[in-house]
Amino acid sequence: MTLSDAATPATADSAATTGSIPAAAPPVAKKVPVERTHHGHTFVDHYEWLREKENPEVVAHLKAEQAYTDAVTANQEQLREDIFNEIKNRTQETDLSVPSRKDGWWYYSRSVEGQAYGIQCRVRADSTGTLADWTPPLVEAGVAVPGEEVLLDGNVEAEGQPFFSLGGAAVTRDGNLYAYAVDNAGDELFSIRIKDLRTGKLLPDVIENAFYGLGFSPDGGTLFYMLADDSWRPHQVKAHVLGTPVEDDQLLYQEDDVAMWTGFDLSADHRHLMISIGCSEFSETRLLDFAAPEQGLRILIPRSAEILYDAEPFLMDGRELVLLTHDRDAVNSMISLVDAAEFNKPVARQQWHTVVAHDDSVRINGATVTATHMVVSLRKDTIERIQVTALEGLGTAHQGPAVEPVFDEELYTASLGGSEYESPVIRLIYTSDFTPPRVYDYVLPVAGAEGRLLLRKETPVLGGYRSGDYVATREWATAADGTLVPLSVLHRADLPRDGANAGVVYGYGSYEMSMDPGFSVARLSLLDRGVVFVVAHVRGGGEMGRHWYEDGKKLNKKNTFTDFVAATDWLAQSGWVDPARIGAMGGSAGGLLMGAVANLAPEKYAAVVAQVPFVDALTTILDPELPLSALEWEEWGNPITDPAVYQYMREYTPYENVRAVPYPRIAAVTSFNDTRVLYVEPAKWVQELRAVSTGSEPMVLKIEMDGGHGGASGRYEGWKSRAWDYAFLADALGATQPR
């Protein structure tokens, strides 16, 4: 196969600097027909050759695409710069996180103005045996911290590298050794190094091509880590004994089922290594008892029971217990307490004691323990929140009440920010759409004393920001089947409801991931330009419980797309916006959503930004050798074995359903080294859009040649990327000037 004349380059100076129609000609990829046949159906793919990442002609084509994008969007350069500066001017660039205690140290990170990466630090902690031991030291921006030790300076690590990302870190319990994982390519494969914090020297032990996941054994002599297979599926848990050759590392566990994901963690009390294997529908946990490692891994509930669960082993009154968050006869999950000895019996004969009963209106996300309390993360009325219950009497008639920290906003997110097992406090992270992230310590309730929230920090927002200048409301759109879809509607408080404003609808809707209320400095730049921003909590997400997720996956996936269109219709009819000034944005699986709604209802949008979009889903999932493909079967179905799934996906996968209609202005944003959604998907999609669309709006591919799934690395590059996306939308919607 000869792949010559693959692309027609475009240059920045050949584009018009004003107007929506570029003078530059877009790159045209050569058509090389490749047939894909499944279940009696043949699809001819003309652009599959763009998958050849090492082919110089592919690289040349992608660079030509970026040159064309630069030309088409040249008129937005000042707007991008303005938005970037607005983000920068609202951000306190020199800042510190609230210290978190681990054993005998307080750990925190600091950022410095002009530096792109964080600096990981610590100071010694006091041990007086009182609550004061758990009061973090006061650290202030620009003020030296007495006794501070720098563990890792990301700016030093990133120097001279095209990309830098810290994939995890771990410290031994004695505080002497620090392991950290670095990615310098954006492909989410990491090099692990170990630093002796007493001397500042690196140990000779280096582990290459590791995946996410690091942890030391309690004695600090062994480092546990993950490896991924050729399709980037984490499948091996290995143990490295410090000072020994890496090639001698012990394989603790290997998962051979290509549809199962593997990970590990240490139990809250540090007594067990917990290996979790699972998919979105069932799971399996294996425990390694550090006090008796010779016994090997012990299975709690086998995957054959088809129960989706998480386990937290702990000791209470000398008894070995396991706290189970599970979906056994509980679609929204519930929590049970089980004596560890019960797992020696068949599941049907085990005695499980209910701790938190199933509730159709409450989704249980997970549970952990401290030495005195159970801590539960749950979702009720779309809001993620935290509840605590004393361990004393847990699972019996004497169980105490669940206590929930109370906040004063209607729409917010409260999540667990970490806690030490022996600590009398837990760390909470609180935010809402217009409340910057707050860090609280919640003093756990004990006999005779209620729980208390102690505000440790609210992230500063500069530039005269006032939360009262903005409004967030919960609205509801009616889907085609009558289902009410929750919306978060954000706008300036002084914005007139005159039907003339611009609007942006944002969505995701997959993997039971919820788009919870959360503060965004960058989003203020759109709101200040008179944009009404709507987050559509469509089916496939987790906002309304497990049913909400199941009603938007596999053979119900189209509900995700029609829900988003319903959200758009609500906005168009709300009186807030001009229906001709609505844009859409989403990323990854939300990028698939963008491609689907662009096909379903292109006339409803003036512009679409699809970030790292999963738009060639059927091709990807049909090839289990591609990164992460087999893991997707539990989300979308398996089109290889099931003709009904194949047909259903063929009806919505964006790349294969581009129609001969006028499409809106579209930007597909991707990275060359993305391993989750390969660059080839948006590259092919953009070619097909240009070839088939009957409209005149430009379709552009913005590609970061040194980035990964999250784009280029470093906070300043991240701000530039967000400014680019928002400028593209604001320009198309005629919302370029602050009100």
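Parameters and conventions
- Residues numbered from 1 in each chain as written.
- Predicted model: local features only at pLDDT ≥ 70, side-chain atom pairs only at ≥ 80, totals over all residues.
- Heavy atoms only, no water.
- Helix = DSSP H or I, 4+ residues; strand = E, 2+ residues; numbered from the N terminus.
- Rg over C-alpha atoms; globule rule 2.2 N^0.38 Å.
- Buried < 20%, exposed > 50% of the residue type's maximum accessible area, 1.4 Å probe, protein only.
- Contact = heavy atoms within 4.5 Å.
- Areas by Shrake-Rupley, 256 points an atom, 1.4 Å probe, with all protein chains shown as cover.
- Lys, Arg positive; Asp, Glu negative; His and termini not counted.
- Charge placed at Lys NZ, Arg CZ, Asp CG, Glu CD.
- Salt bridge = Lys/Arg side-chain N within 4 Å of Asp/Glu carboxyl O.
- Pairing = 2+ DSSP bridges.
- Axes fitted to C-alpha atoms, helices over the stretch in contact; angles between N-to-C directions.
- Arc of directions from axis to C-beta.
- Polar contact = N/O pair within 3.5 Å; in protein donor to acceptor, adjacent residues only side chain to side chain.
- Patch = residues over 30% accessible without salt bridge, like charges linked within 9 Å, V, L, I, M, F, W, Y side chains within 5 Å.
- Phe/Tyr/Trp six-rings, centres within 6.5 Å; stacked < 30°, edge-to-face > 60°.
- Lys NZ or Arg CZ within 6 Å of the ring centre and 35° of its normal.
- Parallel < 35°, antiparallel > 145°, perpendicular 65-115°, else oblique.
- Left-handed = near helix turned anticlockwise from the far one by under 90°.
- Nonpolar A, V, L, I, M, F, W, Y, C, P; charged D, E, K, R; others polar.
- pLDDT = per-residue confidence, 0-100.

(A) The overall build of the protein chain, seen in detail. A count of helical and extended segments in the protein chain gives 12 helices and 38 strands. A globule of 739 residues ought to have a C-alpha radius of gyration of about 27 Å, and the protein chain, at 26 Å, matches this closely. The buried share among the 739 residues of the protein chain stands at 57%. For the protein chain, the proportion of contacts with a sequence separation of at least 24, taken over those separated by at least 6, is 59%. Element-wise, carbon and sulfur atoms account for 50% of the exposed surface of the protein chain, whose accessible area totals about 29,300 Å². Across the protein chain, the 63 positively charged side chains and the 105 negatively charged ones have centroids separated by 2 Å.

(B) Representation of the pattern of salt bridges within the structure. A full pass over the atoms with the stated rule returns 45 salt bridges. With its nearest N and O atoms 3.0 Å apart, the salt bridge here joins lysine 88 to glutamate 93. The partner of arginine 319 in a salt bridge is aspartate 339, with the nearest N and O atoms 3.6 Å apart. Taken together, the residues arginine 319 in strand E21 (residues 319-326) and aspartate 339 in strand E22 (residues 334-339) connect sequence positions 20 residues apart.

(C) Examining the environment of proline 436 more closely. In this structure, proline 436 sits in the loop between strand E28 (425-431) and strand E29 (438-443). The spatial distance from the C-alpha of proline 436 to the C-alpha of alanine 348 is 48 Å, given a sequence separation of 88 residues. Apart from the residues lying within four places of it in its own chain, the contact partners of proline 436 are Tyr430, Thr431, Glu458, Thr459, Val461, Tyr465 and Phe519.

(D) Spotlight on the sheet that holds strand E14 (residues 234-241). Ordered by their spatial adjacency, 4 strands build an open sheet running E12-E13-E14-E15, and the pairing between neighbours is antiparallel. Looking at strand neighbours, the two that pair on one side only are strand E12 (214-216) and strand E15 (250-254), the edges of this open sheet. Taking the axes of each pair of neighbouring strands and ignoring which way they run, one obtains an average angle of 25° across the sheet. Sheet topology note: the E14/E15 ladder contains 4 bridges and is antiparallel. Counterpart to valine 237 in the pairing with E15 is tyrosine 253.

(E) Layout of helix H10 (residues 643-650). Taken residue by residue, H10 has Val645, Tyr646, Tyr648 and Met649 as its buried positions. Down the axis of H10, the buried set is contained in an arc of 165°. They therefore lie on one face. Buried residues belonging to H10 abut strand E1 (34-38), strand E2 (41-45), helix H6 (558-573), helix H8 (617-621) and helix H9 (633-636). Regarding H10, its N-cap is aspartate 642, as a side-chain oxygen of that residue lies 2.9 Å from the backbone nitrogen of alanine 644 further along.

(F) Layout of the pairing of strand E32 (residues 484-492). Most of E32 sits inside the fold, with 8 of its 9 residues counted as buried. Note that strand E31 (residues 470-478) and E32 share 9 bridges and pair antiparallel. Its bridge partner lying in E32, arginine 474 is registered against serine 488. Turn length for the E31-E32 hairpin, with the two strands adjacent in sequence and antiparallel, is 5 residues, and the turn residue glycine 482 shows positive phi of about 90°. One ladder, built from 4 bridges, connects E32 with strand E34 (residues 531-536); its direction is antiparallel. Across the sheet, leucine 490 pairs through a bridge with phenylalanine 533, a residue of E34.

(G) Here's a closer look at the sheet that holds strand E9 (residues 177-183). Across the sheet, 4 strands lie side by side as E8-E9-E10-E11; this open sheet has antiparallel pairing. Of all strands in the sheet, those bounded by a partner on one side alone are strand E8 (165-171) and strand E11 (201-210). Geometrically, the sheet is characterised by an average inter-axis angle of 20° between neighbouring strands, direction not taken into account.

(H) Representation of a nonpolar patch on the surface within the structure. On the surface, a nonpolar cluster with roughly 280 Å² of combined accessible area is contributed by Trp476, Leu484 and Met544. With respect to the element layout, methionine 544 can be found in the loop between E34 and helix H5 (546-550).

(I) Layout of the packing of aromatic side chains. This model, assessed by the stated rule, comprises 26 aromatic pairs. Taken together through their ring pairs, the aromatic side chains of Phe190, Phe211, Tyr212 and Trp261 make up a single cluster. Arginine 101 extends its terminal NZ or CZ atom over the ring of tryptophan 134, reaching a point 5.0 Å from the ring centre. Across the ring face of phenylalanine 533, the terminal group of arginine 523 is positioned such that the distance to the ring centre comes to 5.7 Å.

(J) Fine view of the packing of helix H2 (residues 77-90) against helix H12 (residues 715-733). With their axes 8 Å apart at the nearest point, H2 and H12 run at an angle of 130° to one another. Judged by the angle between their axes, H2 and H12 are oblique. Of the two elements, H2 crosses H12, and the hand of that crossing is right-handed. Here Leu79, Arg80, Ile83, Phe84, Ile87 and Lys88 of H2 come into contact with H12, specifically with Tyr716, Trp719, Lys720, Ala723, Trp724, Tyr726, Ala727, Ala730 and Asp731. Its residues assigned to classes, the contact of H2 with H12 comprises 11 nonpolar, no polar and 4 charged.

(K) Structural detail: the confidence of the model for the protein chain. In this model, the protein chain carries an average pLDDT of 93, and 96% of its residues clear a pLDDT of 70 or more. Note that pLDDT drops below 50 for residues 1-22; the model gives that stretch 52 contacts with residues more than four away or on any other chain.

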